[in-house]
Amino acid sequence: MPSFHPPLRTLMGPGPSDVHPRVLAAMAQPTIGHLDPAFVDLMDDIKALLRRTFRTDNDITFPISAPGSVGMEACFVNLVEPGDTVIVCRNGVFGGRMKENVERAGGTAVIVDDPWTRAVDPQRLEDALKAHPQARLVAFVMAETSTGALSDARTLVDIAHRHDALAIVDAVTALGGVELDVDGWGIDAIYSGSQKCLSCPPGLSPVSFSERALARVRARTTPVQSWFLDLNLVLGYWSGAGRRSYHHTAPVNALYGLHEALVMLHEEGLEAAWARHALHHRALRAGLPALGLELLGADGERLPQLNVVGIPSGVDDARVRQTLLATHGVEIGAGLGEFAGKAWRIGLMGQSASQRHVLTCLSALGSALAAQGREVDTGAALAAAGRVYAAA
Ligand code: PLP
């Protein structure tokens, strides 16, 4: 069996995003023991960097050794007890997964549905909480990767608190790409993923829990059904003031990578990173009409880092994506759920939020569409994006 050599790609799908060589180089350093004092120091540094990234003083802020789905599961298995009512706001695929998590943890999910591409409607959440005053938790996806919708987390958390419910926020695609302020907005439990706007390889899920959320976990009358994700146990490993106890073997080299990616993010500055994502979104958006394409969604509710583009009728979705990949080395995402075959998802996340990525994507899309006989003006698309950059 020969060794594996991945093809060179430009990653512009819904994640993973492109990984900077500094992060890859960090991951290639020698593996050390996960209880080595040098590694324990690194764990502390990662916790501090994650606190800055989430904008929180929460002591319980650390990366779970697993992808974003496990961060989601950690929030639900710890905070939902059998019999609890949880309001789940669903405006795309990932809200649907939250419902699954609630039910598997023995809770009852009350679903607040919003149309795909739209943000979660605060009024509908308010109505659901009034109709279900026993609800102990509210859960929503701040950045719906399946629809490109950005919800107003600050307002939704505030509504939850006014009804004595805690708020679980999915920030898998949000963290590092748009404004997020865990303490300022009072978020109780939040999870993210390494492979989106943090631009690491997949496989780690940063999470953070407020004191209020921890009190809820400590007051449980039933054990957390997952041994691996029980916060009471995992905390002995990720905190414990010099007395770390073995829980599992952390993915040592993956954590070198996360550390370097966070160092890079804070060299740039969080606000500068949010502004960079917004700029490249505007440039991409400006270029699309000359290719006969437009973004779905409503003004003021679109994510800069995940752009959902309607596929014009008559265009062969799979053939366009195949041409992009095979001829240009560009990966974009297919539509998910309701949007399968109807939309593409173009990620401008982390290292993939750059002028090079936007211009490469517009020109590759232009040539893939022209190959299907579509009337496109790729030069005009590039010029429109260029004007956004010139004005920035
Ligand atoms: N939540 C959202 C909003 C996501 O976009 C994703 C992944 O795309 C997940 C959860 C699950 O993350 P992972 O694929 O890392 O398990």
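Rules behind the numbers
Residues numbered from 1 in each chain as written. Predicted model: local features only at pLDDT ≥ 70, side-chain atom pairs only at ≥ 80, totals over all residues. Heavy atoms only, no water. 1 Å grid on protein atoms, 1.4 Å probe; cavity = no way out; pocket = protein on both sides within 12 Å on 5 of 7 lines; lining within 4 Å. Points joined across faces, edges and corners; volume = space filled by probe spheres on them. Helix = DSSP H or I, 4+ residues; strand = E, 2+ residues; numbered from the N terminus. Nonpolar A, V, L, I, M, F, W, Y, C, P; charged D, E, K, R; others polar. Expected span 1.5 Å × (residues − 1). Buried < 20%, exposed > 50% of the residue type's maximum accessible area, 1.4 Å probe, protein only. Contact = heavy atoms within 4.5 Å. Polar contact = N/O pair within 3.5 Å; in protein donor to acceptor, adjacent residues only side chain to side chain. Near = heavy atom within 4 Å. Areas by Shrake-Rupley, 256 points an atom, 1.4 Å probe, with all protein chains shown as cover. Pairing = 2+ DSSP bridges. Axes fitted to C-alpha atoms, helices over the stretch in contact; angles between N-to-C directions. Domains from an automatic or database assignment. Buried area = accessible area lost by both parts, 1.4 Å probe. Salt bridge = Lys/Arg side-chain N within 4 Å of Asp/Glu carboxyl O.

Moving on to empty space enclosed by the protein. Applying the stated rule across the entire model yields three cavities of 30 Å³ or more. Of the voids in this model, the largest cavity is the one considered here, and its volume is about 70 Å³. Taken together, Phe-62, Pro-63, Ile-64, Ser-65, Ala-74, Phe-228, Leu-229, Leu-231, Val-234, Trp-238 and His-248 make up the full set of residues lining the largest cavity. Of all elements in the fold, only β2 (60-64) and α9 (231-238) reach the threshold of two or more residues within the lining of the largest cavity. By residue class, the composition of the lining of the largest cavity is nine nonpolar, two polar and no charged.

The first and last C-alpha atoms of helix α13 (residues 355-370) sit 22 Å apart over 16 residues, in line with the 22 Å expected at 1.5 Å per residue. The complete set of buried residues in α13 reads His-357, Val-358, Cys-361, Leu-362, Ala-364, Leu-365, Gly-366, Ala-368 and Leu-369. On its buried face, α13 is in contact with β1 (10-12), α11 (270-287), α12 (317-328), β12 (330-334), β13 (343-347) and α14 (378-391). The N-capping residue of α13, defined by a side-chain oxygen 3.3 Å from the backbone nitrogen of Arg-356, is Ser-354.

Near the ligand, the surroundings consist of Pro-67, Gly-68, Ser-69, Phe-94, Val-141, Ala-143, Thr-145, Asp-170, Val-172, Thr-173, Gln-195 and Lys-196. Between the ligand and Thr-145 there is a distance of 2.4 Å, counted from an oxygen atom to a side-chain nitrogen or oxygen. Burial of the ligand by the protein chains amounts to 86% of its free accessible area of 390 Å². Residues of the shell around the ligand, tallied by class, amount to five nonpolar, five polar and two charged.

Read across the sheet, seven strands follow the order β2-β10-β9-β8-β5-β3-β4 without closing on themselves; strand pairing throughout is mixed. Strands with a single pairing partner mark the edges of an open sheet, and in this sheet they are β2 and β4 (108-113). Strand-to-strand twist across the sheet, computed as the mean angle between neighbouring axes with direction ignored, equals 15°. One ladder, built from three bridges, connects strand β8 (residues 166-170) with strand β9 (residues 189-191); its direction is parallel. Among the inter-strand pairings, Ile-168 is bridged to a residue of β9, identified as Ala-189. Against the sheet, helix α4 (residues 93-104) touches β3 (85-90), β4, β5 (137-141), β8 and β9, its axis set at about 165° to β3.

Bringing the domain arrangement of the chain into the picture now. If you check the domain split of the chain, you get domain 1 (21-266) and domain 2 (270-391). Using C-alpha coordinates to define each centre, domain 1 is positioned 29 Å away from domain 2. Roughly 2200 Å² of surface becomes buried between domain 1 and domain 2 when both sides are summed, with 64% attributable to carbon and sulfur atoms. Our count for the domain 1 to domain 2 interface comes out at two salt bridges. Note that Arg-55 and Glu-271 form a salt bridge whose closest N and O atoms lie 3.0 Å from each other. On inspection of domain 1 and its partner domain 2, the count reaches ten residue pairs in polar contact (both at pLDDT 80 or more). Counting only elements with at least two residues in the side of domain 1 that touches domain 2, the list comes to α2 (37-54), α4, β6 (143-144), β7 (149-150) and α10 (252-268). Residue classes in the side of domain 1 that touches domain 2 are distributed as 13 nonpolar, eleven polar and six charged.

Pairing is mixed in the open sheet, where four strands are placed in the order β1-β12-β13-β11. Across the chains shown, the open sheet's two edge strands, defined by having one partner strand only, are β1 and β11 (306-310). Strand-to-strand, the axes of this sheet are offset by a mean angle of 35°, without reference to chain direction. As judged from the three bridges shared by β1 and β12, these two strands associate in the parallel manner. Bridged to Met-12 within β12 is Ile-332. Sitting on the sheet, α12 touches β12 and β13, and the angle it makes with β12 is about 160°.

This next bit is on the environment of Gly-257. Summarising the element assignment, Gly-257 is placed in helix α10. A residue is classified by how much of its surface remains accessible, and Gly-257, at 0% relative accessible area, is buried. Gly-257 sits 92 residues away from Met-349 along the chain, and the two C-alpha atoms are 17 Å apart.

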